[in-house]
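Here is how the chains run, residue by residue.
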Amino acid sequence: MAAADAWVEKETVESVDSSEKKIKRKLPYHAFVLVGLFLFAVIFGPFVIPHDPFETNLKLSILPPAWQEGGSTKYLLGTDSMGRDMLSRLIYGSRITLIASLVAICLAGTIGVMLGMISGYFGGKTDMAIMRTTDIFMSLPLIMMAIILASMLNPSLKSAILAIGLSGWTGYARIVRGEVLSLKEQDYVRLARVAGCSSKRILFSHILPNIMNTLIIIVTLQLGQVIIAMAALSFLGLGVQPPSATWGLMLSEGRKYITYAWWLATFPGIAILLTVLGFNLMGDWLRDTFDPKQKLR
């Protein structure tokens with residue numbers, strides 16, 4: 001029996017070690033590199049941009065990238081139709097993209113978390129009304145809802161943020177509701193009720209801290225979707241207006257020259273692709289690492 005117990009213990013230790021190694025191997029270094037480059041451009045962009053992103057020079061209009069014939073090392077990624085440096089505008093646009101996306105997510109998250117906690121905690125008719133409203137909003141894709149709302153407002157960055165924020169709360173509401181339905185039956189919540197704690201205190205002091213891991217994962221996964229939605233609104237003329245530099249607006253302006261100036265639309269598209277890919281991969285890794293349900297699989 002002692003030998004059998006020792007063998008079982010050894011196998012358990014080896015399986016734990018192998019699972020830990022497997023988790024370490026899953027670490028998406030490429031995702032961290034992509035997100036790190038994006039955050040570097042956002043934080044240190046004003047100090048590293050080679051030119052003023054709004055400075056025009058028609059003599060240098062449609063200048064190709066440095067490695068292409070006719071290009072210049074002074075303008076590594078070429079210039080646009082107004083002679084503005086593409087690299088500088090890409091770096092500058094990253095700041096607007098991240099700030100606008102985070103503000104939109106904060107707005108959507110605040111609405112969704114509040115409605116989800118109220119729906120899950122109080123239940124009954126309140127739960128039914130909130131969930132049916134959520135189903136109505138979820139019947140349309142985020143981008144479509146954002147386009148509908150943005151078209152009703154004056155095209156601007158604030159309108160785009162408001163449209164995405166009012167369209168993206170449904171995912172938070174449904175997931176938070178499910179978490180609250182489970183947590184409100186826990187012993188520490190019941191003891192808080194017996195101790196005379198108010199519903200507000202229970203929600204914000206006992207339940208909300210226990211769903212923060214879930215919220216962080218949702219934010220990371222949704223950030224890529226919001227970046228695409230923000231770019232789509234700018235591309236359609238419903239978001240940031242010229243002469244400001246955002247990736248979606250640069251993509252829209254560059255499509256007119258795609259036949260002979262490919263870099264005008266290609267580089268903003270690549271920036272959107274790599275940034276969204278980085279955040280999606282990081283969100284998947286965070287979900288696999290911190291979600292207890294994933295660890296049971």
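Thresholds, definitions, all that
Residues numbered from 1 in each chain as written. Predicted model: local features only at pLDDT ≥ 70, side-chain atom pairs only at ≥ 80, totals over all residues. Heavy atoms only, no water. Patch = residues over 30% accessible without salt bridge, like charges linked within 9 Å, V, L, I, M, F, W, Y side chains within 5 Å. Areas by Shrake-Rupley, 256 points an atom, 1.4 Å probe, with all protein chains shown as cover. Salt bridge = Lys/Arg side-chain N within 4 Å of Asp/Glu carboxyl O. Helix = DSSP H or I, 4+ residues; strand = E, 2+ residues; numbered from the N terminus. Buried < 20%, exposed > 50% of the residue type's maximum accessible area, 1.4 Å probe, protein only. 1 Å grid on protein atoms, 1.4 Å probe; cavity = no way out; pocket = protein on both sides within 12 Å on 5 of 7 lines; lining within 4 Å. Points joined across faces, edges and corners; volume = space filled by probe spheres on them. Nonpolar A, V, L, I, M, F, W, Y, C, P; charged D, E, K, R; others polar.

So, a nonpolar patch on the surface
Phase 1 of the analysis: On the surface, Leu-140, Met-144, Ile-148, Met-152, Leu-153, Leu-162 and Leu-166 cluster together into a nonpolar patch covering about 590 Å² of accessible area.
Phase 2 of the analysis: Of all the secondary-structure elements, those providing two or more residues to the nonpolar patch are α5 (142–151) and α6 (157–167).
Phase 3 of the analysis: For Leu-166, the position within the fold is in helix α6.
Phase 4 of the analysis: On the basis of relative accessible area, Leu-166 is assigned to the partly exposed category, the value being 34%.

A few points about empty space enclosed by the protein
Phase 1 of the analysis: By the definition in use, this model includes 1 cavity of 30 Å³ or more.
Phase 2 of the analysis: Considering only enclosed or pocket space, the largest cavity measures out at about 70 Å³ in volume.
Phase 3 of the analysis: If you go around the largest cavity, the residues you meet are Ile-96, Thr-97, Ile-227, Met-230, Ala-231, Ser-234, Val-240, Thr-246, Trp-247 and Gly-248.
Phase 4 of the analysis: The element best represented in the lining of the largest cavity is helix α10 (residues 212–235), accounting for 4 residues.
Phase 5 of the analysis: The class makeup of the residues in the lining of the largest cavity is 6 nonpolar, 4 polar and no charged.

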